[in-house]
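Residue-level structural notes
What follows is the residue order along each chain.
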Amino acid sequence: MGRKHFNLFLFACFLTSIGFLIYSFRAFSFPIDISLLLFGGLLLFNANHQIKSETASFSITFPLLFPVIAFYGPAWACLLASWGSISLDEFDDNSWPVFAFNRGLLGLSAGVSSLVFHHLHGIENLVTALLAATFTYSLVNAIIYAIARQLQQPGSSISILWENQKTLIPSFALAAFFSYAYQTFNVFGVIGVFYLFITVRSGALLGHLETNYRISLIRSLLRAVYAKDHDLMEHLENVAHYSKKLAKRCGYPRWKLQLLDEASYFHDIGKLEISDTILKKPERLTEEEYAEMQNHPVKGMEFLREIPLPRTHKQMVANIANYHHERYDGQGYPSGLKGEDIPLEARIVAIADTWDAMTGSRCYRKPLPLSEAVAEMKLVAGTQLDPKLVQDFVAIIEEEGITQPDAFN
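Just so you know, these numbers come straight off a predicted model, no measurement behind them.

Examining the overall build of the chain
A tally of regular secondary structure across the chain gives 18 helices and 0 strands. Here the chain, with 409 residues, has 47% of them falling under the buried criterion. Of all intrachain contacts in the chain linking residues separated by at least 6 positions in sequence, the fraction that spans at least 24 positions is 70%. For the chain, the exposed area adds up to about 21,000 Å²; of that, 60% sits on carbon and sulfur atoms.

This is how it looks when you write it as C-alpha coordinates:
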(Lines give C-alpha, C1' and ligand atoms only; values in the text may rest on other atoms or scores of the structure.)
Protein backbone atom coordinates (compact mmCIF):
# COMPACT_ATOMS: atom_id res chain seq x y z
CA MET A 1 0.00 0.00 0.00
CA GLY A 2 2.84 2.38 0.85
CA ARG A 3 4.45 1.87 -2.55
CA LYS A 4 1.11 2.48 -4.26
CA HIS A 5 0.62 5.79 -2.43
CA PHE A 6 4.20 6.76 -3.25
CA ASN A 7 3.73 6.19 -6.99
CA LEU A 8 0.34 7.95 -6.94
CA PHE A 9 1.95 10.99 -5.35
CA LEU A 10 4.74 11.00 -7.95
CA PHE A 11 2.26 11.04 -10.82
CA ALA A 12 0.01 13.54 -9.02
CA CYS A 13 2.97 15.92 -8.81
CA PHE A 14 3.58 15.51 -12.54
CA LEU A 15 -0.09 16.02 -13.45
CA THR A 16 -0.27 19.09 -11.21
CA SER A 17 2.66 20.62 -13.07
CA ILE A 18 0.91 19.93 -16.39
CA GLY A 19 -2.22 21.65 -15.07
CA PHE A 20 -0.15 24.60 -13.87
CA LEU A 21 1.53 24.83 -17.27
CA ILE A 22 -1.78 24.87 -19.15
CA TYR A 23 -3.23 27.45 -16.77
CA SER A 24 -0.16 29.68 -17.04
CA PHE A 25 -0.08 29.70 -20.84
CA ARG A 26 -3.78 30.57 -20.94
CA ALA A 27 -3.70 33.17 -18.16
CA PHE A 28 -0.54 35.13 -19.01
CA SER A 29 0.95 36.60 -22.13
CA PHE A 30 4.10 34.70 -23.07
CA PRO A 31 6.80 36.05 -25.36
CA ILE A 32 8.56 33.60 -27.66
CA ASP A 33 12.24 34.19 -28.23
CA ILE A 34 15.15 32.24 -29.69
CA SER A 35 16.83 32.86 -26.33
CA LEU A 36 14.53 30.25 -24.80
CA LEU A 37 16.18 27.54 -26.91
CA LEU A 38 19.60 28.66 -25.71
CA PHE A 39 18.41 28.65 -22.11
CA GLY A 40 17.06 25.15 -22.65
CA GLY A 41 20.43 24.01 -23.99
CA LEU A 42 22.25 25.52 -21.03
CA LEU A 43 19.90 23.81 -18.59
CA LEU A 44 20.41 20.44 -20.28
CA PHE A 45 24.18 20.87 -20.19
CA ASN A 46 24.06 21.90 -16.55
CA ALA A 47 21.80 18.97 -15.59
CA ASN A 48 24.32 16.50 -17.01
CA HIS A 49 27.40 18.20 -15.59
CA GLN A 50 26.34 19.15 -12.08
CA ILE A 51 29.31 20.31 -10.05
CA LYS A 52 29.56 18.57 -6.69
CA SER A 53 32.09 18.62 -3.91
CA GLU A 54 32.93 15.73 -1.62
CA THR A 55 30.78 17.00 1.24
CA ALA A 56 27.93 18.88 -0.42
CA SER A 57 26.40 19.88 -3.68
CA PHE A 58 25.18 23.20 -4.99
CA SER A 59 22.84 23.18 -7.95
CA ILE A 60 22.78 26.29 -10.11
CA THR A 61 19.51 25.30 -11.81
CA PHE A 62 17.54 28.09 -10.12
CA PRO A 63 20.09 30.86 -10.82
CA LEU A 64 20.32 29.70 -14.43
CA LEU A 65 16.52 29.66 -14.69
CA PHE A 66 16.06 33.04 -13.07
CA PRO A 67 16.25 35.17 -16.25
CA VAL A 68 13.45 32.97 -17.65
CA ILE A 69 11.48 33.33 -14.40
CA ALA A 70 11.92 37.11 -14.49
CA PHE A 71 11.55 37.95 -18.18
CA TYR A 72 9.44 35.14 -19.67
CA GLY A 73 6.95 34.36 -16.91
CA PRO A 74 5.55 31.32 -15.07
CA ALA A 75 4.63 29.22 -18.11
CA TRP A 76 8.06 29.23 -19.73
CA ALA A 77 9.75 28.91 -16.33
CA CYS A 78 7.67 25.79 -15.60
CA LEU A 79 8.26 24.30 -19.07
CA LEU A 80 12.02 24.87 -19.19
CA ALA A 81 12.54 23.78 -15.58
CA SER A 82 10.65 20.53 -16.27
CA TRP A 83 12.10 19.48 -19.59
CA GLY A 84 15.28 21.52 -19.80
CA SER A 85 16.73 19.89 -16.68
CA ILE A 86 16.63 16.24 -17.74
CA SER A 87 19.78 14.43 -16.64
CA LEU A 88 21.13 11.34 -18.39
CA ASP A 89 21.36 9.67 -14.97
CA GLU A 90 17.55 9.69 -14.75
CA PHE A 91 17.36 7.06 -17.49
CA ASP A 92 19.64 4.59 -15.72
CA ASP A 93 17.02 3.03 -13.44
CA ASN A 94 14.16 3.09 -15.97
CA SER A 95 11.81 4.37 -13.23
CA TRP A 96 9.16 6.34 -15.08
CA PRO A 97 7.24 7.41 -11.94
CA VAL A 98 10.44 8.99 -10.60
CA PHE A 99 11.20 10.56 -13.97
CA ALA A 100 7.69 12.06 -14.09
CA PHE A 101 8.01 13.25 -10.49
CA ASN A 102 11.27 15.06 -11.25
CA ARG A 103 9.57 16.89 -14.11
CA GLY A 104 6.71 17.95 -11.87
CA LEU A 105 8.93 18.88 -8.94
CA LEU A 106 11.15 21.21 -10.96
CA GLY A 107 8.30 22.64 -13.02
CA LEU A 108 6.16 23.53 -10.02
CA SER A 109 9.12 24.97 -8.10
CA ALA A 110 10.07 27.29 -10.97
CA GLY A 111 6.49 28.17 -11.95
CA VAL A 112 5.33 29.10 -8.45
CA SER A 113 8.59 31.00 -7.91
CA SER A 114 7.87 33.04 -11.04
CA LEU A 115 4.32 33.78 -9.88
CA VAL A 116 5.67 35.13 -6.60
CA PHE A 117 8.32 37.19 -8.37
CA HIS A 118 5.83 38.91 -10.66
CA HIS A 119 3.24 39.35 -7.90
CA LEU A 120 5.86 41.42 -6.05
CA HIS A 121 6.38 43.63 -9.14
CA GLY A 122 9.45 41.81 -10.39
CA ILE A 123 12.20 43.94 -11.90
CA GLU A 124 10.80 47.14 -10.37
CA ASN A 125 11.22 45.67 -6.90
CA LEU A 126 14.12 43.38 -7.76
CA VAL A 127 15.78 42.72 -4.40
CA THR A 128 12.59 41.88 -2.50
CA ALA A 129 11.05 39.96 -5.41
CA LEU A 130 14.22 37.97 -6.05
CA LEU A 131 14.58 37.08 -2.36
CA ALA A 132 10.97 35.88 -2.28
CA ALA A 133 11.37 33.95 -5.55
CA THR A 134 14.56 32.26 -4.32
CA PHE A 135 12.92 31.26 -1.03
CA THR A 136 9.76 30.04 -2.81
CA TYR A 137 11.68 27.86 -5.28
CA SER A 138 13.68 26.28 -2.47
CA LEU A 139 10.66 25.79 -0.18
CA VAL A 140 8.33 24.27 -2.81
CA ASN A 141 11.13 21.96 -3.98
CA ALA A 142 11.94 20.87 -0.41
CA ILE A 143 8.33 20.32 0.71
CA ILE A 144 7.34 18.20 -2.31
CA TYR A 145 10.54 16.16 -2.06
CA ALA A 146 10.10 15.67 1.71
CA ILE A 147 6.54 14.38 1.22
CA ALA A 148 7.75 11.90 -1.40
CA ARG A 149 10.50 10.68 0.92
CA GLN A 150 8.00 10.18 3.77
CA LEU A 151 5.73 8.13 1.53
CA GLN A 152 8.66 6.06 0.28
CA GLN A 153 10.27 5.58 3.69
CA PRO A 154 7.90 6.44 6.56
CA GLY A 155 9.78 8.03 9.43
CA SER A 156 12.64 9.22 7.22
CA SER A 157 14.33 12.48 8.10
CA ILE A 158 12.79 15.71 6.80
CA SER A 159 16.04 17.60 7.27
CA ILE A 160 15.88 18.35 3.54
CA LEU A 161 13.49 21.19 4.50
CA TRP A 162 16.36 22.88 6.30
CA GLU A 163 19.28 21.67 4.20
CA ASN A 164 17.95 23.48 1.11
CA GLN A 165 17.86 26.77 2.98
CA LYS A 166 21.66 26.73 3.25
CA THR A 167 21.88 27.52 -0.45
CA LEU A 168 19.52 30.53 -0.36
CA ILE A 169 22.22 33.19 -0.17
CA PRO A 170 24.48 31.80 -2.94
CA SER A 171 21.39 31.10 -5.08
CA PHE A 172 20.17 34.66 -4.59
CA ALA A 173 23.58 36.16 -5.41
CA LEU A 174 24.17 34.02 -8.50
CA ALA A 175 20.61 34.58 -9.75
CA ALA A 176 21.16 38.34 -9.49
CA PHE A 177 24.42 37.95 -11.40
CA PHE A 178 22.73 35.96 -14.20
CA SER A 179 19.90 38.52 -14.30
CA TYR A 180 22.37 41.40 -14.69
CA ALA A 181 24.25 39.52 -17.40
CA TYR A 182 21.01 38.89 -19.29
CA GLN A 183 19.86 42.51 -19.04
CA THR A 184 23.25 43.78 -20.20
CA PHE A 185 24.32 41.24 -22.83
CA ASN A 186 21.19 39.19 -23.53
CA VAL A 187 21.40 35.39 -23.31
CA PHE A 188 25.01 35.40 -24.48
CA GLY A 189 25.93 37.19 -21.27
CA VAL A 190 24.30 34.35 -19.31
CA ILE A 191 26.25 31.81 -21.35
CA GLY A 192 29.50 33.64 -20.61
CA VAL A 193 28.78 33.88 -16.88
CA PHE A 194 27.75 30.21 -16.77
CA TYR A 195 30.98 29.01 -18.37
CA LEU A 196 33.01 31.36 -16.20
CA PHE A 197 31.33 29.92 -13.13
CA ILE A 198 31.87 26.27 -14.01
CA THR A 199 35.44 27.04 -15.08
CA VAL A 200 36.29 28.59 -11.73
CA ARG A 201 34.46 25.95 -9.75
CA SER A 202 35.53 22.81 -11.59
CA GLY A 203 38.91 23.76 -13.01
CA ALA A 204 37.54 23.23 -16.51
CA LEU A 205 40.40 25.22 -18.03
CA LEU A 206 42.54 22.23 -17.21
CA GLY A 207 39.92 19.70 -18.32
CA HIS A 208 42.03 18.27 -21.13
CA LEU A 209 44.96 17.86 -18.74
CA GLU A 210 42.67 16.14 -16.24
CA THR A 211 41.59 13.63 -18.87
CA ASN A 212 45.20 12.83 -19.77
CA TYR A 213 46.02 12.60 -16.08
CA ARG A 214 43.19 10.11 -15.52
CA ILE A 215 44.32 7.88 -18.36
CA SER A 216 47.94 8.05 -17.22
CA LEU A 217 46.91 7.25 -13.66
CA ILE A 218 44.98 4.16 -14.69
CA ARG A 219 47.81 2.94 -16.88
CA SER A 220 50.35 3.47 -14.11
CA LEU A 221 48.23 1.52 -11.65
CA LEU A 222 47.80 -1.31 -14.13
CA ARG A 223 51.55 -1.46 -14.77
CA ALA A 224 52.07 -1.67 -11.01
CA VAL A 225 49.64 -4.59 -10.87
CA TYR A 226 51.32 -6.24 -13.86
CA ALA A 227 54.72 -5.96 -12.18
CA LYS A 228 53.40 -7.59 -8.99
CA ASP A 229 51.24 -10.33 -10.47
CA HIS A 230 50.96 -11.14 -14.17
CA ASP A 231 48.03 -13.51 -13.56
CA LEU A 232 46.09 -10.84 -11.65
CA MET A 233 46.66 -8.35 -14.45
CA GLU A 234 45.37 -10.84 -17.00
CA HIS A 235 42.31 -11.40 -14.81
CA LEU A 236 41.60 -7.64 -14.67
CA GLU A 237 41.91 -7.44 -18.45
CA ASN A 238 39.50 -10.32 -18.95
CA VAL A 239 36.92 -9.01 -16.49
CA ALA A 240 36.93 -5.59 -18.16
CA HIS A 241 36.52 -7.26 -21.56
CA TYR A 242 33.62 -9.48 -20.51
CA SER A 243 31.93 -6.73 -18.49
CA LYS A 244 31.78 -4.40 -21.47
CA LYS A 245 30.32 -7.13 -23.69
CA LEU A 246 27.63 -7.94 -21.12
CA ALA A 247 26.86 -4.28 -20.48
CA LYS A 248 26.24 -3.69 -24.20
CA ARG A 249 23.95 -6.72 -24.31
CA CYS A 250 21.81 -5.81 -21.27
CA GLY A 251 21.15 -2.21 -22.34
CA TYR A 252 23.53 -0.45 -19.99
CA PRO A 253 23.67 3.28 -20.93
CA ARG A 254 26.00 3.51 -23.93
CA TRP A 255 27.47 6.79 -22.75
CA LYS A 256 28.68 4.98 -19.60
CA LEU A 257 30.32 2.01 -21.34
CA GLN A 258 33.78 3.56 -21.43
CA LEU A 259 33.53 4.47 -17.76
CA LEU A 260 32.50 0.90 -16.92
CA ASP A 261 35.40 -0.49 -18.96
CA GLU A 262 37.89 1.63 -17.02
CA ALA A 263 36.22 1.20 -13.62
CA SER A 264 36.07 -2.60 -13.85
CA TYR A 265 39.88 -2.75 -13.82
CA PHE A 266 39.71 -1.68 -10.18
CA HIS A 267 37.41 -4.45 -8.97
CA ASP A 268 40.20 -6.54 -7.39
CA ILE A 269 42.58 -3.70 -6.59
CA GLY A 270 42.33 -4.64 -2.89
CA LYS A 271 44.17 -7.90 -3.64
CA LEU A 272 47.36 -5.87 -3.93
CA GLU A 273 47.28 -5.81 -0.13
CA ILE A 274 46.66 -9.55 0.23
CA SER A 275 49.71 -11.73 0.83
CA ASP A 276 50.96 -13.81 -2.10
CA THR A 277 51.00 -16.83 0.20
CA ILE A 278 47.19 -16.57 0.25
CA LEU A 279 46.64 -15.42 -3.33
CA LYS A 280 48.77 -18.17 -4.84
CA LYS A 281 48.18 -20.94 -2.34
CA PRO A 282 47.49 -24.16 -4.30
CA GLU A 283 45.69 -25.86 -1.39
CA ARG A 284 42.33 -25.01 0.19
CA LEU A 285 42.46 -21.81 2.26
CA THR A 286 42.07 -21.98 6.04
CA GLU A 287 39.17 -20.10 7.67
CA GLU A 288 41.55 -17.29 8.68
CA GLU A 289 43.01 -17.07 5.18
CA TYR A 290 39.56 -17.07 3.58
CA ALA A 291 38.45 -14.30 5.94
CA GLU A 292 41.50 -12.29 4.87
CA MET A 293 40.66 -12.90 1.20
CA GLN A 294 37.07 -11.76 1.82
CA ASN A 295 38.46 -8.51 3.16
CA HIS A 296 39.87 -7.41 -0.21
CA PRO A 297 36.81 -5.30 -1.18
CA VAL A 298 37.25 -3.27 2.01
CA LYS A 299 40.97 -2.94 1.39
CA GLY A 300 40.21 -1.91 -2.18
CA MET A 301 37.91 0.88 -1.01
CA GLU A 302 40.55 2.13 1.42
CA PHE A 303 43.10 2.11 -1.38
CA LEU A 304 40.79 3.95 -3.79
CA ARG A 305 40.11 6.74 -1.30
CA GLU A 306 43.70 7.83 -1.78
CA ILE A 307 43.33 8.09 -5.56
CA PRO A 308 42.04 11.42 -6.97
CA LEU A 309 39.69 9.80 -9.47
CA PRO A 310 37.47 12.07 -11.60
CA ARG A 311 33.98 12.61 -10.17
CA THR A 312 32.45 10.79 -13.14
CA HIS A 313 34.28 7.60 -12.12
CA LYS A 314 34.16 7.69 -8.33
CA GLN A 315 30.73 6.21 -7.63
CA MET A 316 30.99 3.56 -10.32
CA VAL A 317 34.45 2.47 -9.17
CA ALA A 318 33.23 2.37 -5.56
CA ASN A 319 30.19 0.27 -6.51
CA ILE A 320 32.30 -2.24 -8.42
CA ALA A 321 35.18 -2.52 -5.95
CA ASN A 322 32.94 -2.76 -2.91
CA TYR A 323 30.02 -4.89 -4.12
CA HIS A 324 31.25 -7.30 -6.82
CA HIS A 325 31.23 -10.19 -4.31
CA GLU A 326 27.68 -9.57 -3.12
CA ARG A 327 25.34 -12.42 -4.03
CA TYR A 328 21.91 -12.13 -5.60
CA ASP A 329 20.44 -14.15 -2.70
CA GLY A 330 21.97 -11.81 -0.11
CA GLN A 331 24.60 -14.28 1.14
CA GLY A 332 27.62 -12.42 -0.24
CA TYR A 333 30.09 -10.00 1.29
CA PRO A 334 31.00 -7.45 2.59
CA SER A 335 27.51 -5.89 3.04
CA GLY A 336 25.06 -8.73 2.38
CA LEU A 337 23.15 -6.81 -0.28
CA LYS A 338 20.43 -8.70 -2.13
CA GLY A 339 18.94 -8.69 -5.62
CA GLU A 340 18.68 -5.32 -7.32
CA ASP A 341 19.91 -3.55 -4.19
CA ILE A 342 23.32 -4.52 -5.57
CA PRO A 343 24.39 -1.80 -8.04
CA LEU A 344 23.95 -2.90 -11.67
CA GLU A 345 27.62 -2.40 -12.58
CA ALA A 346 28.63 -4.61 -9.62
CA ARG A 347 26.24 -7.35 -10.81
CA ILE A 348 27.71 -7.12 -14.30
CA VAL A 349 31.30 -7.36 -13.05
CA ALA A 350 30.36 -10.24 -10.72
CA ILE A 351 29.34 -12.31 -13.74
CA ALA A 352 32.48 -11.43 -15.68
CA ASP A 353 34.57 -12.17 -12.58
CA THR A 354 32.90 -15.55 -12.04
CA TRP A 355 33.28 -16.51 -15.69
CA ASP A 356 36.98 -15.71 -15.79
CA ALA A 357 37.54 -17.50 -12.47
CA MET A 358 36.13 -20.68 -14.07
CA THR A 359 37.65 -20.41 -17.56
CA GLY A 360 40.99 -18.86 -16.69
CA SER A 361 44.09 -20.69 -15.49
CA ARG A 362 44.63 -20.73 -11.72
CA CYS A 363 47.48 -22.05 -9.61
CA TYR A 364 45.08 -24.43 -7.84
CA ARG A 365 43.19 -25.84 -10.87
CA LYS A 366 42.92 -26.01 -14.63
CA PRO A 367 40.32 -23.98 -16.54
CA LEU A 368 36.89 -25.56 -16.99
CA PRO A 369 35.77 -26.55 -20.49
CA LEU A 370 33.35 -24.06 -22.05
CA SER A 371 30.30 -26.33 -21.73
CA GLU A 372 30.95 -26.98 -18.03
CA ALA A 373 31.47 -23.29 -17.33
CA VAL A 374 28.15 -22.43 -19.03
CA ALA A 375 26.37 -25.13 -17.04
CA GLU A 376 27.87 -23.79 -13.80
CA MET A 377 26.78 -20.23 -14.66
CA LYS A 378 23.21 -21.44 -15.19
CA LEU A 379 23.37 -23.36 -11.91
CA VAL A 380 24.22 -20.29 -9.81
CA ALA A 381 21.78 -17.95 -11.60
CA GLY A 382 19.35 -16.55 -9.03
CA THR A 383 21.52 -17.52 -6.06
CA GLN A 384 25.00 -16.17 -6.63
CA LEU A 385 24.36 -14.15 -9.78
CA ASP A 386 21.61 -12.02 -11.32
CA PRO A 387 19.56 -14.53 -13.39
CA LYS A 388 18.64 -12.05 -16.14
CA LEU A 389 22.26 -11.02 -16.60
CA VAL A 390 23.37 -14.66 -16.64
CA GLN A 391 20.83 -15.30 -19.40
CA ASP A 392 22.25 -12.37 -21.39
CA PHE A 393 25.84 -13.52 -20.84
CA VAL A 394 25.10 -17.11 -21.90
CA ALA A 395 23.34 -15.73 -24.99
CA ILE A 396 26.53 -13.83 -25.90
CA ILE A 397 28.54 -17.04 -25.65
CA GLU A 398 26.05 -19.07 -27.65
CA GLU A 399 25.28 -16.47 -30.33
CA GLU A 400 28.56 -14.59 -30.82
CA GLY A 401 31.17 -16.61 -29.07
CA ILE A 402 33.37 -14.86 -26.55
CA THR A 403 37.07 -14.29 -26.97
CA GLN A 404 39.96 -13.47 -24.72
CA PRO A 405 41.11 -9.83 -24.92
CA ASP A 406 44.58 -8.92 -26.09
CA ALA A 407 47.28 -9.07 -23.42
CA PHE A 408 48.08 -5.86 -21.57
CA ASN A 409 51.01 -3.92 -22.90
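So that's the structure; there's more coming.
Here's the deal with the nonpolar core
One finds Ile351, Trp355, Met377 and Phe393 to be the most contacted residues of the largest nonpolar core, which totals 36 residues. Those elements that place two or more of their residues in this core are α10 (230-249), α11 (257-263), α14 (296-304), α15 (311-323), α16 (344-359), α17 (370-380) and α18 (387-399).

Thoughts on the environment of Ser114
Structurally, Ser114 can be placed in helix α5 (residues 96-119). By relative accessible area, which is 0% here, Ser114 ends up buried. Residues Ser114 and Ala133 lie 19 residues apart in sequence; the distance between their C-alpha atoms is 6.6 Å. Contacts of Ser114, omitting those with residues within four sequence positions, involve Ile69, Gly73, Pro74 and Ala77.

Brief notes about α5
The α-helix winds at 3.6 residues per turn, so residues separated by three or four positions along the chain end up facing the same way. Under the 1.5 Å per step criterion, the end-to-end length of α5 is 34 Å for 24 residues, consistent within 8% with the ideal 34 Å. Looking at the residues trailing α5, positive phi occurs at His121, about 70°.

What about a nonpolar patch on the surface?
Together, Phe135, Leu139, Ile143, Ile147 and Leu151 give the surface a local cluster of nonpolar side chains, amounting to about 370 Å² of exposed area. Tracing the sequence through the fold places Ile147 in helix α6 (residues 126-152). Residue Ile147 is classed as partly exposed on the basis of its relative accessible area of 37%.

Thoughts on the side chain of His235
Inspection of the secondary structure puts His235 in helix α10. For His235, the side chain forms a polar contact with the side chain of Asp268, separated by 3.2 Å.

Let's talk about the packing of helix α2 (residues 34-47) against helix α3 (residues 61-71)
α3 packs onto α2 with a crossing angle of 175° between their chain directions and a minimal axis gap of 10 Å. The orientation of α2 with respect to α3, classified from their angle, is roughly antiparallel. Within the contact between the two elements, α2 uses Leu36, Phe39, Leu42, Leu43 and Asn46 and α3 uses Thr61, Leu64, Leu65, Pro67 and Val68. Class assignment for the residues of the contact of α2 with α3 results in 8 nonpolar, 2 polar and no charged.

A few points about the pattern of salt bridges
Using the criterion set out here, one finds 5 salt bridges in the structure. Among the salt bridges present, the one from Lys299 reaches Glu292, with a minimum N-O distance of 3.9 Å. Residue classification places Lys299 among the buried residues on the basis of a relative accessible area of 15%. For Glu292, a relative accessible area of 27% puts it in the partly exposed group. Among the salt bridges present, the one from Arg347 reaches Asp386, with a minimum N-O distance of 2.7 Å. Linking Arg347 in helix α16 with Asp386 in the loop between α17 and α18, this pair joins segments that are 39 residues apart in sequence.

What counts as what
- Residues numbered from 1 in each chain as written.
- Predicted model: local features only at pLDDT ≥ 70, side-chain atom pairs only at ≥ 80, totals over all residues.
- Heavy atoms only, no water.
- Helix = DSSP H or I, 4+ residues; strand = E, 2+ residues; numbered from the N terminus.
- Buried < 20%, exposed > 50% of the residue type's maximum accessible area, 1.4 Å probe, protein only.
- Contact = heavy atoms within 4.5 Å.
- Areas by Shrake-Rupley, 256 points an atom, 1.4 Å probe, with all protein chains shown as cover.
- Core = buried A, V, L, I, M, F, W, Y, C linked by side-chain atoms within 4.5 Å.
- Expected span 1.5 Å × (residues − 1).
- Patch = residues over 30% accessible without salt bridge, like charges linked within 9 Å, V, L, I, M, F, W, Y side chains within 5 Å.
- Salt bridge = Lys/Arg side-chain N within 4 Å of Asp/Glu carboxyl O.
- Polar contact = N/O pair within 3.5 Å; in protein donor to acceptor, adjacent residues only side chain to side chain.
- Axes fitted to C-alpha atoms, helices over the stretch in contact; angles between N-to-C directions.
- Parallel < 35°, antiparallel > 145°, perpendicular 65-115°, else oblique.
- Nonpolar A, V, L, I, M, F, W, Y, C, P; charged D, E, K, R; others polar.

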